[in-house]
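Examination of the molecular architecture
This is what each chain is made of:
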Amino acid sequence: ASPAEAAALIKALPESERALWATALYAGLRRGELRALRWEDIDLVAAVINVRRSWDADPAIGEIEVKSDAGRRRVPLIGALRKIIVEHKLAIGRDGAALVFGRTAEQPFIPSTVRNRALAAWKAENARRVKEAEDPDSVELLRPIKLHEGRHCATSYLIAAGLNQKPLSIYIGHSDIRTTYNRYGHLMPGDEAQARKELDAFFAGATQQA
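Here's a quick rundown of the structure. (Residues numbered from 1 in each chain as written. Predicted model: local features only at pLDDT ≥ 70, side-chain atom pairs only at ≥ 80, totals over all residues. Heavy atoms only, no water.)

Here we look at the packing of helix H1 (residues 3-11) against helix H2 (residues 15-27)
The relative placement of two packed helices is expressed as an angle between their axes plus a distance between the axes. Orientation of H1 relative to H2, taken along the N-to-C sense of each, is 165 degrees, at an axis distance of 9 Å. Between H1 and H2, the crossing angle belongs to the class labelled roughly antiparallel. Of the two possible hands of crossing, H1 and H2 adopt the one that is right-handed. Across the interface between the two elements, Ala6, Ala7, Ile10 and Lys11 from H1 touch Arg18, Ala22, Leu25 and Tyr26 from H2. (Axes fitted to C-alpha atoms, helices over the stretch in contact; angles between N-to-C directions. Helix = DSSP H or I, 4+ residues; strand = E, 2+ residues; numbered from the N terminus. Parallel < 35°, antiparallel > 145°, perpendicular 65-115°, else oblique. Left-handed = near helix turned anticlockwise from the far one by under 90°. Contact = heavy atoms within 4.5 Å.)

Here you go:
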């Protein structure tokens, strides 16, 4: 999803669902990390999300530590996401060790339930767009995504914003930068023409300084 599509997907959701999907789309947390995120992990003043734990898919296991040192990380909390998070916090009235997106303060959300609610909301929004369009055949419809796809979207936004591979791999929690490059290298800018342009600019500046 492009940034505009992401914003539209979030806006079409019920208010109670927006913060979860926005955190997936804008911060790139894994599904288990979203399930285990607690209010004490979000620093609204410093504008960062501290990823410290995850929630295992096996209900019998529950909350677990992240699998590696790379998984334990600080993710930038962009302005658009911070606003949604603050609204969500005021709406549910939780704080401290309570789960941010839990069914309750201690019970995590059920992924299939979250997915079904999102699909229903996006279907309703698409139906509204078609109904109100002068030409229904040309209307632009929302393309549903899965929660984990939000992580890929977040990574693509970081790349488009110009982050280099090292901070990019840190923010998305890869222990090996090669994993980041192998998975997302096709999105990273950089061909011979761009390299030549950047080198010309570098040497031009160095020559002027000399």
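A few points about the packing of aromatic side chains
One pass over the structure, following the stated rule, counts one aromatic pair. For the ring pair tryptophan 21 and tryptophan 122, a centre distance of 5.1 Å and an interplane angle of 75 degrees mean the geometry is edge-to-face. Note that tryptophan 21 is positioned in helix H2 and tryptophan 122 in helix H5 (residues 111-132), a separation of 101 residues in sequence. The two residues tryptophan 21 and tryptophan 122 agree in class, both being buried. Across from the ring centre of phenylalanine 109, 5.8 Å away, lies the NZ or CZ of arginine 35, which sits over that ring. (Phe/Tyr/Trp six-rings, centres within 6.5 Å; stacked < 30°, edge-to-face > 60°. Buried < 20%, exposed > 50% of the residue type's maximum accessible area, 1.4 Å probe, protein only. Lys NZ or Arg CZ within 6 Å of the ring centre and 35° of its normal.)

Examining the environment of serine 16
Among the structural elements, serine 16 can be located in helix H2. Looking at serine 16, the relative accessible area reads 52%, which means it is exposed. Along the chain, serine 16 and phenylalanine 101 lie 85 residues apart, while their C-alpha atoms are 9.1 Å from each other.

Some points on the pairing of strand E2 (residues 48-51)
What you see with E2 is no split at all: Val48 and Asn50 on one side and Ile49 and Val51 on the other are buried throughout. Taken together, the two bridges between strand E1 (residues 42-43) and E2 define a ladder with antiparallel strand orientation. Bridge pairing links aspartate 43 to valine 48 in E2. Connecting the antiparallel pair E1 and E2 is a turn made up of four residues, with alanine 47 showing a positive phi of about 60 degrees. Two elements, E2 and strand E5 (residues 73-76), share four bridges in a ladder whose sense is antiparallel. Within the sheet, the bridge partner assigned to isoleucine 49 lies in E5 and is valine 75. (Pairing = 2+ DSSP bridges.)

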